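Single-letter residue listing:
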Amino acid sequence: MPILTLIVFLPLVGSIVVLFNRERMWVQTVSLVTALLSFITTLIPFWVFKSDVSSFQMQELIPWITSLGISYHLGIDGLSLFLLPLTSFLTVACILISWNHIKIKEQLYFVMFLWLEVGVLGVFVALDVFLFYIFWEVMLIPMFLIILIWGSDNRRYAAVKFLIYTMAGSVFMLIAIIVMAFLNQNMGSGFGFDLVDWIKLDIPFNLQAWLFVAFFVAFAIKVPLFPFHTWLPDAHVQAPTAGSAILAGILLKMGIYGMLRFCYPLFPEAVVYFTPTIIVLGLVGVIYGAFLAFAQTDLKKLVAYSSISHMGLIVVGIFALNATGIKGGIIQMVNHGLSTGALFILVGALYERTHTRDMDKLGGLATRVPVLATFFMIIVLSSIGLPGMNGFVGEVLLLLGAFKYKWWVGGLGATTLILGAVYMLWMYQRVMFEKERSCGDLIIHDFCLREKIVMVPIVLLIFFIGLFPSFFLDKMDTSANKLLSYINNSPAVVAMVDNDKVIK
Amino acid sequence: MGFYHFLSLGIILFAIGVVGFVIRNNTIVLLLSVELMLNSVNLIFVAFSRYLYGTEGQIYVFIIMTIAAAEVAVGLAIVVSIYRLFGTLDISKIKLLKG
Amino acid sequence: MLFKAIYLLPLLPAIGVLINGLLGKRFGEKTVAFVACTSVGLSLILAIGILHQMLIASPAERVITSSLYRWISDGSLQINVGFLIDPLAIAMIMVILFVGFIIHFYSIGYMEGEPGYRRFFVHLNLFIFFMLILVMGDNLILTFVGWEGVGLCSYLLIGHWYEKKSASDAGRKAFVVNRVGDFGFMLGIFLVIVTFNTVNFVELKTILAGNHGIPTVTLAIISLLLFTGAVGKSAQFPLHVWLPDAMEGPTPVSALIHAATMVNAGVYFMCRIFPFLQQSQFVLPIIALVGMITAVYAACCAVGQKDIKKVLAYSTISQIGYMFMAVGCGIYVAGMFHLVAHGIFKGLLFLGSGAVIHAVKGEQDIVNMGGLIKTIPVTAITFLIGLLALAGIFPMVGFFSKDAIIMGGYETYGIVYWLFGFGGAILTALYCGKLFGMAFLGESNFTGHVHKPNFFFKAPLVILAVCAVFLGILGIPMFTKNTYFAQFMGSSFNLGAGGHAAAGHGIPLSLEIAFTLILSVFAIAAIVLALFMYSKHRKTMVDFESRHKGLMMFLLKGFWIDKLYDTIWVRPLKWISFYSDSVCDHRIVDGAVNGTGKIAMEVGKTLSRMQTGYVRYYAVSIVFGVFVLVGITMMFLF
């Protein structure tokens, strides 16, 4: 039973069914049912997955374009295992929150979300790099359209910036992919795009460095790593609520995923070589993003910059070159997806009610929307890494990983503890506490049932990950060690380490 | 009358076509100039065909004539719609492509 | 056979939180209060049972551990959710649950009719839960969970009246300043993990008791980092700034969190990690120094305060300073004893101040009170008992606990420390006298009807006052290292072969008694003097204060330290952040991105001028192009 194929293409099937009828109820119901089914299918791997196997699991391999060595190759490991349900879960949430709020081209909207899901799921399971690239690019188009058609005032600028920026990164990656295919021809098993074959190649360091940079830039733009981050605030601010949620919740994770999936096994020596630079960039992102977040008055922008800060920390963690950091990175991807996704949903809900995202105009809402305020509080706390919630587990592992790498890296990274609290709590205070400023005469409803249905599972998951992280950590343990072993076992790296020892 | 006479005639006709295409303003005249160029090339093809004792040149001529016929049809249709759109056939007045 | 299910202790308040939080929407005030108080009460009963078991067990067996499940694991590092109760923990637990229960009870009356009634009790219960996690956690990370959790509850409860900007500012400030400390705490934990590969207290103690070969410097750095956390949580100089502001919260919160329990967590935690302190010599003097500075500094500030709660807040900071002095002298038992004593009498004082504030309808400025002893005698007398305990007057519990600390300072570091401790004690006596004189004695400056306290106010005050009087028994026999309290606690501070903690050179008993007498006499003199001056000659004192306005403001504002932080931290950081937003990010980073786009546009525009729109130019350029191409081809061919 080709489960992964089912997972990837189920939303596509659903989207075709959506097209049968234009009616609102039909469109909504079918999309929701599809998303739910898709969510259920993405849970299947949890049962099938064996946490002690280090190679890819549930593989499907069908020759596709044989003359170019392209095959339809899918598979998962402990890295992608969690990203699949996260994707489908957030898609369900996004469909639910945009239930009645899309006024134009509703059918297209829901179809776009389902296609987006196809693209993202495909990215997470593709093992053939050509296939990966196709999914990677396919996913851009729905996102571009979501911002362009259903965004707010300055949507064209944001959408085009998003598209061009991401495309520009992808071009480098494409070149590198083609070079890799030729390398495979020269040094390996013939012209081909299969990742599993590529991993076996032993690429000379000079070439590795160039290829690594080409891949890394594409992923860094996606993450987004400082200084490639400026598309993110624009895209977030202009995108509709669900778009922002999925953008922050899932699309950013693809960058981190790519780094772990490709940069680590393919270019281990380059990874070691570039680690200091990347760590510095990540740290700058952590601190700089937090400072920027503090300066914002627009709620969405604040959350967007906070994303930059958090993602910077993940980059620091995964490039700390130890299993702790990598595991922290993987689990923090899930955490960040949940909490930032939820933050955007909440901000969107506030915007619907008050018609403003300007924090100077909000205030005193805790009395009027107590349930929303409670959820908001929980999510904010999860985002600033309060122990007992998911963010803490991720942060501890990431920072511990960074600390193991160099103590000052951990130290600088840990400033996120303070800075995060500063901007997040100030934001919460300006929105929820104090006296009302300008929304006094609006009729503001508290959360309705549909919104509660969206938030409750997120909150439950937040606590579940926070209280029982072992459930997740155990499953990713082998994969994280495997990723690390590429680095540690690479001959050049071993030599480098030996040199270090001699010098010491 | 030898091969070079035909060749010279072909080149002269082609030159007339080019110059006509460049300096005239009326779209229909441009179309005619293009036809002239095509036919001059046809002439050269035929001449070479005779000179080299081959048949390929003549085959090409037939292809070109067919294409030319089609092209005239399309071209005239475009001319008609240009006239409808702009109310003139003066090519110097039509500059939508200007950057 | 010891009772093993100790996880029930935190579980019960947690259940209270869940019941009130999730189902409580339709509950009336009475039900909410009942659920909240019952959950804490049951925990208290359980804790008393455990205490009893510990008392009858032999000292070596006074440890209960219970590991629930594996929480986080990373390679060989295992972090469990597990609990540990030893005499040290149970002492703290008793304070938390006993004072906590009383304050829950008190809050029933105090918060009556408030709009956020349920929210208040949910947060209060949640606080008890986290506090128990903090104390009972058997490893650093779990302690950190409780540590941050109580910080959260403190944030929520200080900002309970969130519509007041000052209240939510104060809550946020508390959280952020605490986070600064936690930053150090976290790095300390990391260093422990890297060094020891375990965070379990029992294992750490075993390693440190043995022959471990870990450099002293590492241990010292760990201790200092963890101490940073304690400084933040316990509001010690220089991270004390949040506590005076925290008085924005409801008074029961100030009593529970900002006097009796949470702020003492730092002291508790230092005692918990005493093996580290013990083996890194130069850290103890630093801790003692920080404690000493804080004790004297905060006592000075307390003298200058006008708000009844702020006097108590600074006094809390000062008393915790004493506890850190004790820790810094290596006399952990004395520190813990003062912690317990302080929990009782400071809880009493805050509850008393709450009763006063309630009586005079929200007035907090002691200048506007006076003569209240006639109208609310029970409150006044219990308050006086609390103040006497605070000032360390025989036979209150404070006398025993504080004396042990000051003598310990002398024993370890000599006369200078004794003098500072002595000075702090005199200042304490002074502000105690001033507070009571201004608020309860003399003529009444309060116009209006004084509310009489009801049962919910009186009962807690009386119970705590009784404790404050009789708890001193634990400090007997005096002048020995073997008080009842020490007999019970001692086994917690035994580092195997390392011997007993205290490193004093032993001073003759006569000298000790002499010092104690001097201290007591001076303290009594100071308190009587202040009482007399501020009640009978209030005018003189007020005139005196208004003549030295600068000095009084200096004291009132806590040496302007808040302002200093505002100038050197808050403003620059704000400035940096706004600057990096408006200039750095928009102009430079995004400018580069948009600039790239702009350059492309400009190039395109320039090139597009070649598109004249004249078909003939295109034709000519085609012809020209053909010539060029043909020409180039020719060149290569021939």
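The structure we're discussing is the one just above.
Quick summary incoming for the structure in this document. Note that this is a predicted model, so its numbers are computed, not measured.

Some remarks on the packing of aromatic side chains
All names here are of chain A.
- Enumeration over the complete set of coordinates arrives at 78 aromatic pairs over all chains.
- Taken together, a centroid distance of 6.2 Å and an interplanar angle of 20° make the contact between F46 and F471 stacked. Of the two residues, F46 is situated in helix α2 (residues 24-48) and F471 in helix α19 (residues 470-489); the sequence distance between them amounts to 425 residues.
- Taken together, a centroid distance of 5.7 Å and an interplanar angle of 40° make the contact between F464 and F468 tilted.
- In this structure F468 comes out as partly exposed when scored by relative accessible area, which is 35%.

Overview of the pattern of salt bridges
- Overall, the coordinates contain 20 salt bridges over all chains when judged by the stated rule.
- Measuring nitrogen to oxygen at the nearest pair gives 2.8 Å for the salt bridge that ties D234 of chain A to K161 of chain A. With D234 of chain A in helix α10 (residues 231-238) and K161 of chain A in helix α7 (residues 155-187), the pair connects residues that are 73 residues apart, well separated along the chain.
- The closest approach of N and O atoms between K173 of chain C and D562 of chain C, which form a salt bridge, is 2.8 Å. Within this pair, whereas K173 of chain C is found in helix α6 (residues 165-196), its partner D562 of chain C is found in helix α25 (residues 561-608), the two being separated by 389 residues in sequence.
- Exposure remark for K173 of chain C: the relative accessible area of 21% places this residue in the partly exposed category.
- Residues joined in a network through salt bridges with shared partners are K327, K404 and D477 of chain A together with D74 of chain C.

As for the interface of chain B and chain C
- Every contact between the two is made by 13 residues of chain B and, on the other side, 11 residues of chain C.
- For the pair chain B and chain C, the summed buried area comes to about 970 Å², and 64% of that belongs to carbon and sulfur atoms.
- Linking chain B to chain C there are 0 salt bridges.
- The tally of links between chain B and chain C comes to 0 residue pairs in polar contact (both at pLDDT 80 or more).

Details of the layout of surface pockets
- When its volume is computed, the second largest pocket comes out at roughly 1700 Å³.
- If you trace the second largest pocket, you find 47 residues lining it, with K173, V177, Y565, D566 and V570 of chain C closest to the centre.
- Listed by contribution, the elements that provide at least two residues to the lining of the second largest pocket are α12 (268-295) and α17 (407-432) of chain A together with α6, α9 (242-245), α14 (308-328) and α25 of chain C.
- Ranked by residues supplied to the lining of the second largest pocket, first place goes to α25 of chain C with 10 residues.

Focus on the interface of chain A and chain C
- If you look at the interface, chain A gives 60 residues, while chain C gives 48 residues.
- For the pair chain A and chain C, the two sides together bury roughly 4700 Å², of which 67% comes from carbon and sulfur.
- A salt bridge links D74 of chain C to K404 of chain A; its shortest N-O distance comes to 3.4 Å.
- Scanning the region where chain A abuts chain C turns up 25 residue pairs in polar contact (both at pLDDT 80 or more).
- In terms of residues, the side of chain A that touches chain C owes the most to one element, α17 of chain A, which gives 13 residues.

Some remarks on the nonpolar core
- Core analysis: the largest hydrophobic core is formed by 439 residues, its most contacted members being F215, F319, F376 and M432 of chain A together with I85, M270 and M336 of chain C.
- Considering each element in turn, this core owes the most residues, 18 residues, to helix α15 (residues 332-359) of chain C.
- Residues contacting M432 of chain A, with those up to four places away along its chain left out, are L350, G364, L365, A366, L372, A373 and F376 of chain A together with Y162 of chain C.
- V18, M37 and I91 of chain B together with A619 of chain C belong to the second largest nonpolar core, which has 7 residues in total.

A closer look at the packing of helix α13 (residues 299-318) of chain A against helix α16 (residues 390-405) of chain A
All names here are of chain A.
- At a minimum axis separation of 8 Å, α13 and α16 run at an interaxial angle of 50°. Regarding the angle of α13 to α16, the classification is oblique. Of the two elements, α13 crosses α16, and the hand of that crossing is left-handed. Listed contacts from α16 to L313, I314, V316 and G317 of α13 are E395, L398, L399 and A402.
- Residue composition of the contact of α13 with α16, grouped by class: 6 nonpolar, 1 polar and 1 charged.

Let's talk about the side chain of S43 of chain C
Residue and element names in this part refer to chain C.
- Mapping S43 onto the fold places it in helix α2 (residues 29-56).
- Under the relative-accessibility criterion, S43 is labelled buried at 0%.
- In terms of polar contacts, S43 uses its side chain to reach the backbone carbonyl oxygen of L9, at 2.7 Å.
- Sequence-distant contacts of S43, defined by excluding residues within four places in its chain, comprise L8, L9, L12, P13 and L97.

Thoughts on a nonpolar patch on the surface
Residue and element names in this part refer to chain C.
- Side chains of Y7, L11, I15, L18, I19, L22, L23 and L68 sit close together on the surface and give an oily, nonpolar patch of about 720 Å² of accessible area.
- Top contributing element to the nonpolar patch by residue count: helix α1 (residues 8-23), with 6 residues.
- One can find I19 in helix α1.
- Of the residues examined, I19 reaches a relative accessible area of 30% and is grouped as partly exposed.

Some thoughts on the pairing of strand β2 (residues 70-76) of chain A
Residue and element names in this part refer to chain A.
- Counting buried positions along β2 gives 7 out of 7 residues, so the element sits mostly inside the fold.
- Here β2 shows no split at all, with I70, Y72, L74 and I76 on one side and S71, H73 and G75 on the other all buried.
- Bridging between strand β1 (residues 57-65) and β2 involves 6 bridges; their strand directions are antiparallel. Bridge pairing in β2 links L61 to H73.
- Linking β1 to β2, which pair antiparallel, is a turn of 4 residues; within it G69 sits at a positive phi near 70°.

The rules behind each value
- Numbers given for residues are sequential positions, taken from 1 along each chain in its written order.
- For naming, the first written chain is A and the first written ligand is 1, with later ones following in the order written.
- Local features in this predicted model are restricted to residues whose pLDDT is 70 or higher, and side-chain atom pairs enter the listing and the counts only when it is 80 or higher, whereas totals over whole chains, interfaces and linings include all residues.
- Only heavy atoms go into the side-chain values, all of them from the structure, while hydrogens and water stay out.
- The aromatic pairing rule takes the rings of Phe, Tyr and Trp, using the six-membered ring of Trp, and pairs them if the centres are within 6.5 Å, calling planes under 30 degrees apart stacked, those over 60 edge-to-face and the rest tilted.
- Under the DSSP-based scheme used, a helix requires at least four consecutive residues in state H or I and a strand at least two consecutive residues in state E, with every element numbered from the N terminus.
- Note on exposure labels: buried denotes an accessible area under 20% of the residue type's maximum, exposed denotes more than 50%, and partly exposed covers the range between, all computed with a 1.4 Å probe on protein chains only.
- By definition here, a salt bridge exists when the distance from a side-chain nitrogen of Lys or Arg to a carboxyl oxygen of Asp or Glu is within 4 Å.
- Residue contacts are defined here by distance: any two heavy atoms, one from each residue, within 4.5 Å place the two residues in contact.
- Summed over both partners, buried area is the accessible surface (1.4 Å probe) that two parts give up on being assembled.
- Each polar contact in these results corresponds to two N or O atoms within 3.5 Å; when the atoms are within protein, one needs to be able to donate a hydrogen and the other to accept it, and residues that are neighboring in sequence are counted only if both atoms are side-chain atoms.
- Only protein atoms enter the calculation, which uses a 1 Å grid: trapped sets of points that fit a 1.4 Å probe without letting it out are cavities, open sets showing protein on both sides within 12 Å along at least five of seven lines are pockets, and any residue with an atom within 4 Å of a point is a lining residue.
- Grid points are joined across faces, edges and corners, and a volume is the space filled by probe spheres set on the points.
- In these notes, a set of buried Ala, Val, Leu, Ile, Met, Phe, Trp, Tyr and Cys residues joined through side-chain atoms within 4.5 Å is what counts as a nonpolar core.
- Angles shown run from 0 to 180 degrees and are taken between the N-to-C directions of axes, each axis being a line fitted to C-alpha atoms and, for helices, limited to the stretch in contact.
- The scheme is simple: roughly parallel for angles under 35 degrees, roughly antiparallel for over 145, roughly perpendicular for 65 to 115, oblique for anything else.
- The handedness criterion is simple: a crossing whose near helix is rotated anticlockwise from the far helix by less than a right angle is left-handed, and one whose near helix is rotated clockwise is right-handed.
- Charged means Asp, Glu, Lys or Arg here, nonpolar means Ala, Val, Leu, Ile, Met, Phe, Trp, Tyr, Cys or Pro, and polar covers whatever is left, Gly included.
- Patch rule: a residue counts if its relative accessible area is over 30% and it has no salt bridge; like charges are joined within 9 Å, and nonpolar side chains (Val, Leu, Ile, Met, Phe, Trp, Tyr) within 5 Å.
- Shrake-Rupley sampling with a 1.4 Å probe provides the accessible areas, and residues are treated as covered by the protein chains on show and by no other component.
- Any two strands are treated as partners once DSSP identifies two or more bridges connecting them.

Structural measurements only, silent on function.
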